[in-house]
Amino acid sequence: MSLATSINPSKAFMDIEQQLESKMQPISPREEYINKLRDRLITPPTILYENPEKGWGLVVIFVGLFSGVLITWLLLFLFRKKRPS
Amino acid sequence: MKNEPVESMEYDPNDENAAVQDAIAGNSQAFSWLYNRYVGKIYNYIYYRTGKQYDAEDLTAKVFFRALRRIHAYRITGVPFSAWLYRIAHNLVANWHRDNSRKKEISLEDTAELYDRSIHPEMNVVHLQENERLFEAIRTLTPDRQQLLILKFVEHMSNAEIAAIMQRSEGAIKSLYHRTLLALRTIMEDKIEKDSLFTDEDL
């Protein structure tokens, strides 16, 4: 090939061009891949909104404390009422 | 490509600016139209740059996700929209080569798609070796030379179209093409000489 190309470089170019033309063919991507990727691109991602559990926890703690204070206060109130003066 | 647009929205294929403008404004169907138009071309570009089907699919997806994220900042300047996509693809492929720094060659299973199934298996092996030699040689070229060959031989673009995409003059493309063929010829001659040396040593 070296000898041939040194004698006639344009022929060597034509050979390479022919090789490129015959071997560089378009490759079709998989149809399934194309469709899935399109869906992923144009469909907005589903966002799941979760209620903040931390807030509920605080509410439970607050209600618990409030109930405790209320019960204690009621018991003290009743105990004082029953005690003979 | 047989990728028919699934959306009802249609644009003039000869004037994609309307689709680009709508896509910039956030219209997903316009982006889908552009996707249908260019996904095959970008896939082919990446496939011939990487030689791997899996990586071509992964990088093609990355190109379009990046384009979708950044399209709001895209400005219509008269340069084809595909030039922007090719630039994103070029950058991602460059990163891929840097990150992998693997030997750039096509494995036998990857080249399976590139050979003719209608001919005898033994002939296919010969074809496969020829293909491997050619694609190895192509991958040793600079990225712009590889891009030129892909646009010319895979996409069958004219020098003017390639010039618009690569943002060079038509004359510069002709010159680059000539230098690319010269380089490719030299690389292939060297490879053939090396291969024949190995064969002689084996004997």
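Look a little higher up for the structure.
Residues numbered from 1 in each chain as written. Chains lettered and ligands numbered in written order. Predicted model: local features only at pLDDT ≥ 70, side-chain atom pairs only at ≥ 80, totals over all residues.

Colleague: What should I look at first to understand the interface of chain B and chain A in this one?
Modeller: By a widespread convention, an interface's size corresponds to the accessible area lost as its parts come together. Taken together, the contact pairs 28 residues of chain B with 22 residues of chain A. Of all the secondary structure elements, the ones that give two or more residues to the side of chain B that touches chain A are α2 (28-50), α3 (53-70), α6 (121-139), α7 (143-154) and α9 (170-202) of chain B. The greatest single-element share of the side of chain B that touches chain A, amounting to 10 residues, is contributed by α2(B). Residue composition of the side of chain B that touches chain A, grouped by class: 18 nonpolar, six polar and four charged. (Contact = placed C-beta atoms within 7 Å. Helix = DSSP H or I, 4+ residues; strand = E, 2+ residues; numbered from the N terminus. Nonpolar A, V, L, I, M, F, W, Y, C, P; charged D, E, K, R; others polar.)

Colleague: Quick question: what am I supposed to make of helix α1 (residues 17-24) of chain B here?
Modeller: Because an α-helix completes one turn every 3.6 residues, residues spaced three or four positions apart along the sequence face the same direction. All names here are of chain B. For α1, the complete set of buried residues consists of Ala19, Val20 and Ala23. Projected down its long axis, α1 carries its buried residues within an arc of 100 degrees, all on one side. Every exposed residue of α1 that faces more than 90 degrees away from the buried side is listed here: Asn17 and Ala18. Packing partners of the buried residues in α1 comprise α2 and α4 (81-100). Downstream of α1 by a residue or two, Gly26 has a phi angle that is positive, lying close to 100 degrees. (Buried ≥ 20, exposed ≤ 12 C-beta atoms within 10 Å, placed from the backbone. Arc of directions from axis to C-beta.)

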